[in-house]
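# Residue-level structure breakdown
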Amino acid sequence: MRRLATWCLVLFTIVACGKGAPTSTPSTPAATASSGPPVPVTATPTPTPAGTTAVKIYLFVGERLVPVQREVPYTLAVGRAAIEQTIAGPSPAERSAFPGLSTNIPAGTLLLGLEIGDGLATVDLSRNFESGGGSASMFARLAQVVFALTQFPTVDRVAFELDGLPVTVFSGEGIVLDRPSVRADFESFLPAIFVDGPAYGATLDNPVRITGVANVFEATFLVEIRDALGQTLVQRQVMASCGTGCWGTFDVTIPYSVGSVQQGSLHVYDLSPRDGSIENLSSYPVLLVP
């Protein structure tokens with residue numbers, strides 16, 4: 001049987017359309033969070049239409065997790081809403097977009113119950129949740145649920161039940177769940193620069209607060225916001241609280257300027273210490289506002 005702490009997933013670089021490495025010298029804002037493994041970082045909520053609630057779900061671009069915004073009818077049961085939307089997965093448009101989104105949660109999975117107390121979320125899912133797929137898919141679907149629930153400050157760990165029964169060994173792959181799961185158990189699913197907010201497809205505040213975790217050379221990387229034509233509106237160098245073999249958090253606020261509401265994109269990457277080429281590039285669409 002496999003334990004979460006010993007399993008490792010090979011990550012692949014996400015390459016998105018856009019311009020090459022910047023030529024200007026960016027400024028360097030200070031990091032504001034502590035070092036350590038990935039932990040939830042709360043970003044400024046994205047405005048939503050009246051009568052709705054915004055939650056994040058976590059889907060995949062290739063082999064990497066990415067937060068995706070969902071708007072649901074107004075509810076105080078945000079944990080339940082996040083899991084229901086996670087189970088629903090990407091829309092047809094999101095699946096066919098570039099970069100496209102995918103899920104590892106089997107169709108037909110049902111949320112049977114959710115209890116939260118003392119930082120622990122206990123989620124009860126139908127037995128179908130463990131059907132199909134190999135070990136990589138099993139770990140990936142666990143990660144999606146854990147990240148969805150730990151986005152909330154009241155949750156830092158997740159216990160699983162299937163059809164009302166506690167899970168200690170998950171699926172025929174023999175994945176041992178002998179303790180509640182935390183985000184750090186699934187850090188191999190994260191890109192080297194993981195933006196946890198804003199989410200894929202979100203409407204950006206202006207200025208926009210960008211939060212997440214990174215594990216890159218000397219803890220330094222670049223953020224770019226580009227307009228509908230792919231032109232760089234702003235470029236900023238960011239330093240995480242740790243790097244070069246350890247995960248550090250980052251939390252920066254960046255203003256940008258556009259003349260009208262338009263589709264744009266958010267890009268994060270670092271530069272190779274060997275030859276200055278772009279490495280660890282991740283990007284996804286966002287909506288820009290003046």
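Placed above this text is the structure.
Reading the values: rules and limits
- Residues numbered from 1 in each chain as written.
- Predicted model: local features only at pLDDT ≥ 70, side-chain atom pairs only at ≥ 80, totals over all residues.
- Heavy atoms only, no water.
- Helix = DSSP H or I, 4+ residues; strand = E, 2+ residues; numbered from the N terminus.
- Buried < 20%, exposed > 50% of the residue type's maximum accessible area, 1.4 Å probe, protein only.
- Expected span 1.5 Å × (residues − 1).
- Pairing = 2+ DSSP bridges.
- Axes fitted to C-alpha atoms, helices over the stretch in contact; angles between N-to-C directions.
- Salt bridge = Lys/Arg side-chain N within 4 Å of Asp/Glu carboxyl O.
- 1 Å grid on protein atoms, 1.4 Å probe; cavity = no way out; pocket = protein on both sides within 12 Å on 5 of 7 lines; lining within 4 Å.
- Points joined across faces, edges and corners; volume = space filled by probe spheres on them.
- Nonpolar A, V, L, I, M, F, W, Y, C, P; charged D, E, K, R; others polar.

### Comments concerning unusual backbone geometry
- In this structure, the amide linkage connecting G197 to the following residue, P198, adopts the cis form with an omega of 5 degrees.
- Position of P198 relative to the elements: it lies in the loop between β10 (193-197) and β11 (208-214).
- Of note, the bond from N206 into P207 is cis; its omega dihedral lies within 30 degrees of zero at 5 degrees.
- Tracing the chain through its elements places P207 in the loop between β10 and β11.
- A positive phi is found at A219, a non-glycine position, where the angle reads about 65 degrees.
- With respect to the element layout, A219 can be found in the loop between β11 and β12 (220-226).
- Of the residues examined, A219 reaches a relative accessible area of 7% and is grouped as buried.
- At N280, a position not held by glycine, the phi torsion is positive, near 55 degrees.
- Counting through the fold element by element, N280 comes out in strand β16 (residues 278-288).

### A short note on helix α3 (residues 135-149)
- Across its 15 residues, α3 extends 22 Å between first and last C-alpha, which sits within 8% of the 21 Å expected from 1.5 Å per residue.
- For α3, the buried fraction is high: 14 of the 15 residues fall into the buried class.

### Some points on the sheet that holds strand β14 (residues 248-254)
- Here we have three strands laid out as an open sheet, ordered β10-β11-β14, and antiparallel in their pairing. Strands with a single pairing partner mark the edges of an open sheet, and in this sheet they are β10 and β14. Strand-to-strand twist of the sheet, defined as the mean angle between neighbouring strand axes without regard to direction, takes the value 30 degrees.
- Pairing geometry for β10 and β11, over four bridges, is antiparallel. The residue bridging F194 from the neighbouring strand is V213, located in β11.

### Observations regarding the pattern of salt bridges
- This structure, assessed with the given rule, holds 11 salt bridges.
- A salt bridge links E84 to R80; the nearest nitrogen and oxygen atoms lie 3.8 Å apart. Here E84 and its partner R80 are both found in helix α1 (residues 78-88), four residues apart, which amounts to about one turn of the helix.
- Relative accessible area serves as the criterion here: at 32%, R80 is assigned to the partly exposed category.
- In this structure, R127 and E130 form a salt bridge, with 3.1 Å as the shortest nitrogen-oxygen distance.
- On the basis of relative accessibility, which here comes to 38%, the residue R127 falls in the partly exposed class.
- Taking relative accessible area as the criterion, E130 reaches 19% and is therefore assigned buried.

### Side note on the layout of surface pockets
- Quantified by volume, the second largest pocket comes out at close to 150 Å³.
- What lines the second largest pocket is simply F217, E218, T220, F221, L222, Q237, D270, L271, S272 and P273.
- Looking at the lining of the second largest pocket, the elements that each hand over two or more residues are β12 and β15 (262-271).
- No other element matches β12, which puts three residues into the lining of the second largest pocket.
- Residue composition of the lining of the second largest pocket, grouped by class: five nonpolar, three polar and two charged.

### Description of the sheet that holds β12
- Ordered in space as β13-β12-β15-β16, the four strands form an open sheet in which the pairing is antiparallel. The sheet is open, and its two borders are formed by β13 (232-239) and β16, each paired with just one other strand. Mean inter-strand twist for the sheet, computed between neighbouring axes without regard to direction, equals 20 degrees.
- Inspection of the sheet shows β12 paired to β15 by five bridges, in the antiparallel sense. Directly across from L222, in β15, lies its bridge partner Y269.

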